[in-house]
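# Reading the structure
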Amino acid sequence: MRIPAISTLPILLSLLPACDLDIKHCIGDCEHASGGGSGNTSEGPGDTTDEPSTDSGAPTSDSGEPDTDTGIDPTDTGGELGTCDVVHDALPATCGDGQYELGELCFFGTFGFGNFPVTSSVALPLDDLHGADLLLTLSDHTIRGELFAPLTTDTKLWPQSIGEQPVLRATGDFDEDGVIDVLAHSLGPDGVSVHALFLDGEGGLADDQIVHLAENVVTLDAVDWNDDGHLDIITLAHTEALDGLVILLGDGTGDFTESVGPAIELATPGYVLGALHGDGRADDFVFTQSGSGTIVRHNGNLQTTSAPSMPAELWFHDFVIADFDGDGFGDIAGVATNTQFETSELVVFLQKNGDFPLTARYPVNCGARLLAAGDLDNDGVPDIVTGGVDFMGSLRRGDGQGGFPQHMQIGLDVLNEGDALHIADFEGDGIPDVVATGVESAAVAIAYNRG
């Protein structure tokens, strides 16, 4: 039986004036945890080898001319960079009529429930009754499922323990039985255990398989690494000499064969994994390291490393990979603190001939630390949501050409590095919603997208 939400956060109306992989955690003996997350100028932003050109997206007096290469006006930012005055769009006139129309974004308020700090979460269907659900780990090391329906949630506690400090990291159907499974790690007597959690389709655990042991875990993700049609597991463990990439090749039955991959130097917990090349393989990493970004590409066992040109005043917290301009190639977007003004920006790097020039910078609500990409208005174009430390998040709508000129403010609760931001259809109504989970907020915050 589904029960009403335990508590409700104050409604944050979208009409108020305006003034954020994959959970990326590191446990064990990790020396290269990303630093300076608060944008503290005493540490300064990460070193960059290349300075951006004068048309890198910073505001200029000639703000009406578009970028001739991309068709985007990088200065049409919906507010001035270096301030918290972000211009946001009003709700569409059709919002509230009970009928969803293509292109609508109708976030009327944010609802919250729960009373435990959430240490990690993944979004996936836990049952076959509605849309997406949440699987959570809590500060007491327990795991629970939250099964969603309109305006209600049903909590399903797990009696099983998978170890101390469990962290949920990725999802995928490893045994190809039609039920989405979960990839996690935890601390145990022999170090860090990597778990493949095979779910039962009703929100519970069918089998916990420990597939790898390591001194620590920096990277943990699920992807078809060798392009054989079966999901594999990618794990990266730090040692004093290097970071060793271990690939656990899946066979589609839930069994894995270990294969040692190339070494990655100075990797950090902040990363995303996705396809940057046009080969369709999601075997490229983007690492957040010392407030900057590093791209690690793979072609078989050949590995190359590069870094986009980034303004020195930007300290990056998080990145996502998606095809923002519809050309079939992966692009990169990051959320950063402008250390000169202590403000926040969405920064977009569109791929051009294998390179990633800075395309545009957009102000977002100050204090942004996380971002997520997804098609929130069902127009076939990725949108971006940021969330952070000041309760309010920003929604930047994609225009299909790699630009994000339109801004909407939504309430999300307090979020910081290591927390989670999800875009998924939690009501099962065909309209994606936004959910945030965090440690400081001790709650699950849901911004429902309704017509």
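None of the values given here were measured: they were computed from a predicted structure.

### Looking at the state of the cysteines
Here the structure, examined in full by the defined rule, presents 2 disulfides. One disulfide bridge connects Cys-84 with Cys-366, the sulfur atoms lying 2.0 Å from each other. Disulfide Cys-84 to Cys-366: torsion about the S-S bond roughly -110 degrees, handedness left-handed. Pair noted here: Cys-84 is in the loop between β2 (27-28) and β3 (107-113) and Cys-366 is in the loop between β24 (358-364) and β25 (368-374), with a separation of 282 residues, a long-range link. In this model, Cys-95 is linked to Cys-106 through a disulfide, with the two sulfur atoms separated by 1.9 Å. Looking down the S-S bond of the Cys-95 and Cys-106 bridge, the torsion is -85 degrees, so its handedness is left-handed. Note that Cys-95 is positioned in the loop between β2 and β3 and Cys-106 in the loop between β2 and β3, a separation of 11 residues in sequence. Its relative accessible area of 0% is what places Cys-106 among the buried residues.

### Things to note about the sheet that holds strand β30 (residues 433-437)
Strand order in the open sheet formed by 4 strands is β3-β31-β30-β29, and the pairing between neighbours is antiparallel. Of all the strands in the sheet, the pair left with one neighbour each is β3 and β29 (420-424). Across the sheet, the mean angle separating the axes of adjacent strands is 20 degrees when strand polarity is ignored. Here 5 bridges tie β29 to β30, and the two strands are oriented antiparallel to one another. Note that in β30 the partner of Ala-424 across the bridge is Asp-433.

### Some details on the pairing of strand β9 (residues 181-188)
Counting buried positions along β9 gives 6 out of 8 residues, so the element sits mostly inside the fold. Judged from the 6 bridges that link them, strand β8 (residues 164-172) and β9 form a sheet pairing that is antiparallel. Across the sheet, the residue bridging to Gly-172 is Asp-181, located in β9. As paired elements, β9 and strand β10 (residues 191-199) share 7 bridges and run antiparallel to each other. Bridging across to β10, Leu-183 finds its partner in Ala-196. Here β9 folds back onto β10 in antiparallel fashion, the turn holding 2 residues.

### What about the confidence of the model for the protein chain?
Per-residue confidence for the protein chain gives a mean pLDDT of 81; residues scoring 70 or more make up 79%. When the criterion is pLDDT under 50, residues 1-77 qualifies, and its contacts beyond four places in sequence or with other chains add up to 210 contacts.

### Comments concerning the pattern of salt bridges
In total, this model carries 6 salt bridges according to the counting rule given. Of the charged contacts, one joins Arg-361 and Glu-345 as a salt bridge, the two residues approaching to 2.7 Å between their closest N and O atoms. Separated by 16 residues along the polypeptide, Arg-361 in strand β24 and Glu-345 in strand β23 (residues 343-349) bring together distant segments of the chain. Under the relative-accessibility criterion, Glu-345 is labelled buried at 0%. Overlapping salt bridges bring together Glu-313, Glu-345 and Arg-361 as one network.

### Here's the deal with the nonpolar core
Among the nonpolar cores identified, the biggest contains 18 residues, and Phe-107, Val-385, Leu-412, Leu-421 and Val-434 are the most heavily contacted of them. Of all the secondary-structure elements, those providing two or more residues to this core are β25, β28 (406-411) and β30.

### Details of unusual backbone geometry
A positive phi angle is found at Asp-227, which is not glycine, with a value near 60 degrees. Considering the arrangement of structural elements, one finds Asp-227 in the loop between β13 (219-223) and β14 (232-238). Positive phi, close to 55 degrees, is recorded for Asn-378, a residue that is not glycine. With respect to the secondary-structure elements, Asn-378 resides in the loop between β25 and β26 (383-388).

### Here's the deal with the packing of aromatic side chains
Tallying each qualifying case throughout the model produces 12 aromatic pairs. Note on Phe-111 and Tyr-448: the rings are 6.0 Å apart at their centroids and 45 degrees apart in plane angle, and the pair reads as tilted. Placement of the pair is Phe-111 in strand β3 and Tyr-448 in strand β31 (residues 444-449), with a sequence separation of 337 residues. Judged by relative accessible area, which is 26%, Phe-111 ranks as partly exposed. Geometrically, the ring pair formed by Phe-316 and Phe-349 is tilted, given 6.2 Å between the ring centres and 45 degrees between the ring planes. Within this pair, whereas Phe-316 is found in strand β21 (residues 314-322), its partner Phe-349 is found in strand β23, the two being separated by 33 residues in sequence. Residues Phe-316 and Phe-349 agree in their burial class; the two are buried. Looking at Arg-450, its charged tip hangs above the ring of Tyr-448, at a distance of 4.5 Å from the centre.

Rules and cut-offs
Residues numbered from 1 in each chain as written. Predicted model: local features only at pLDDT ≥ 70, side-chain atom pairs only at ≥ 80, totals over all residues. Heavy atoms only, no water. Disulfide = S-S within 2.5 Å. Helix = DSSP H or I, 4+ residues; strand = E, 2+ residues; numbered from the N terminus. Buried < 20%, exposed > 50% of the residue type's maximum accessible area, 1.4 Å probe, protein only. Pairing = 2+ DSSP bridges. Axes fitted to C-alpha atoms, helices over the stretch in contact; angles between N-to-C directions. pLDDT = per-residue confidence, 0-100. Contact = heavy atoms within 4.5 Å. Salt bridge = Lys/Arg side-chain N within 4 Å of Asp/Glu carboxyl O. Core = buried A, V, L, I, M, F, W, Y, C linked by side-chain atoms within 4.5 Å. Phe/Tyr/Trp six-rings, centres within 6.5 Å; stacked < 30°, edge-to-face > 60°. Lys NZ or Arg CZ within 6 Å of the ring centre and 35° of its normal.

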